[in-house]
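Spelled out, the chains give:
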Amino acid sequence: MSDTDSTAVNDPGEGLHPWTRYVALGDSFTEGIGDPEPHSPGGHRGWADRVAEELSRGHQDFAYANLAIRGRLLQQILDEQLVPCMELRPDLVSISAGGNDLIRPGGDPDALAEKLDAAVQTLSSEGATVVLFNGPDTASSVLSRIRGKVAIYNENLRTVAARHDAVVADMWSLRQLADSQMWDADRLHFSPLGHHTIAAMVLDALNVPHRLEPLLPKPLPPRSWREARSGDLVWAREYFVPWVIRRIRHQSSGDGILPKRPTPGPVFGSAGSPVPRG
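**Student:** Can you lay out the side chain of Ser-124 for me, pointing to particular residues and giving the numbers?
**Tutor:** Structurally, Ser-124 can be placed in helix α6 (residues 109–124). With sequence-adjacent residues up to four places away left out, Ser-124 is seen in contact with Val-130 and His-164.

**Student:** Account for helix α7 (residues 147–164), with residues named and values stated.
**Tutor:** In a regular helix each residue adds 1.5 Å, so 18 residues correspond to 26 Å; α7 covers 26 Å between its end C-alpha atoms and thus fits that length. Restricting attention to buried positions, one finds in α7 the residues Val-150, Tyr-153, Asn-154, Leu-157, Val-160, Ala-161 and His-164. Down the axis of α7, the buried side of the element spans an arc of 120°, and every buried residue falls inside it. Facing away from the buried side of α7 by over 90 degrees, the exposed positions are Glu-155, Ala-162 and Arg-163. Buried residues belonging to α7 abut α5 (99–103), α6, β4 (129–133) and β5 (167–169).

**Student:** Before we move on, can you summarise the packing of aromatic side chains with the specific residues and values?
**Tutor:** Within this structure, the stated rule accounts for six aromatic pairs. Ring geometry for Phe-29 and Phe-133: centres 5.3 Å apart, planes at 80°, overall edge-to-face. In this pair, Phe-29 sits in helix α2 (residues 28–31) while Phe-133 sits in strand β4, placing the two residues 104 residues apart along the sequence. Here Phe-29 falls in the buried class, since its relative accessible area comes to 10%. When its relative accessible area of 3% is taken as the criterion, Phe-133 is described as buried.

**Student:** Lay out the side chain of Asp-101 with the relevant residues and their values.
**Tutor:** Tracing the chain through its elements places Asp-101 in helix α5. One buried charge, Asp-101, has no salt-bridge partner; the nearest side chain with opposite charge is Lys-115, at 6.1 Å. Setting aside anything within four residues of it in sequence, one finds Asp-101 in contact with Leu-73, Leu-74, Gly-107 and Leu-112.

**Student:** Outline the packing of helix α3 (residues 46–56) against helix α8 (residues 192–205), supporting the account with residue identities and numerical values.
**Tutor:** Between α3 and α8, the least distance of the axes is 8 Å, while the angle of their chain directions is 45°. The angle between the axes of α3 and α8 places the two elements in the oblique class. Crossing handedness for the pair α3 and α8: right-handed. From α3, Gly-46, Trp-47, Arg-50, Val-51, Glu-54 and Leu-55 reach across to α8, where they touch Pro-192, His-195, His-196, Ile-198, Ala-199, Val-202 and Leu-203. Class assignment for the residues of the contact of α3 with α8 results in eight nonpolar, three polar and two charged.

Criteria and cut-off values
- Residues numbered from 1 in each chain as written.
- Predicted model: local features only at pLDDT ≥ 70, side-chain atom pairs only at ≥ 80, totals over all residues.
- Heavy atoms only, no water.
- Helix = DSSP H or I, 4+ residues; strand = E, 2+ residues; numbered from the N terminus.
- Contact = heavy atoms within 4.5 Å.
- Expected span 1.5 Å × (residues − 1).
- Buried < 20%, exposed > 50% of the residue type's maximum accessible area, 1.4 Å probe, protein only.
- Arc of directions from axis to C-beta.
- Phe/Tyr/Trp six-rings, centres within 6.5 Å; stacked < 30°, edge-to-face > 60°.
- Lys, Arg positive; Asp, Glu negative; His and termini not counted.
- Salt bridge = Lys/Arg side-chain N within 4 Å of Asp/Glu carboxyl O.
- Axes fitted to C-alpha atoms, helices over the stretch in contact; angles between N-to-C directions.
- Parallel < 35°, antiparallel > 145°, perpendicular 65-115°, else oblique.
- Left-handed = near helix turned anticlockwise from the far one by under 90°.
- Nonpolar A, V, L, I, M, F, W, Y, C, P; charged D, E, K, R; others polar.

Structural data, given as structure tokens:
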């Protein structure tokens, strides 16, 4: 095997995609909350950074911007991020929005899909590939009560994707996310392992070979009823109650937060610099 062949084997997907400028839109999920990394802009890495890392390999001019801000509702994402995104003239856009709306009482999956449909039409109007995220199956999570609304929104989203030739990043079918190790301690955001797993799924949806190896988390040892109940009480005190208080006060976790990557640039340092693994 020649040196060229060896490189092709060791670096799957290097240069094998058409995109040069990627812009990510959304809320805390796309900002990367739950995946802390002090060396990343904003102090969080997340699935979108991980996807951009893989897409940048072999593309010296590849640039990536992330406009997502935690706590944003769908309309806020459209109002604050849609125009800046279009001004950056991306050829690849991802948008994950609506989850914070569905959690709230009165969140209407049909009305949300109509707003999203208009946004995707705008994003794709100049030829950009658009990636849409459906919601994960919440049956085994603290969000099980909204499972029906998530399922309706997902079906609507597939219609939107088909209408505008968008790519669906299928979180609902990603059954690995049922494992508790995929989730952060707050049970609302994904852990580093969860973000890693989602990044691999997105690259697969884009048909881009990558280096992200599937990680099979070890199952947690079974807990007694008393241990499980104690864990639920700690979670409620540290995460759920503060969340409820913010809703009552009409506050958002994203108040005062700015996008971590407002302009397109190399994923890590200058083009061609090493990309962290994992």
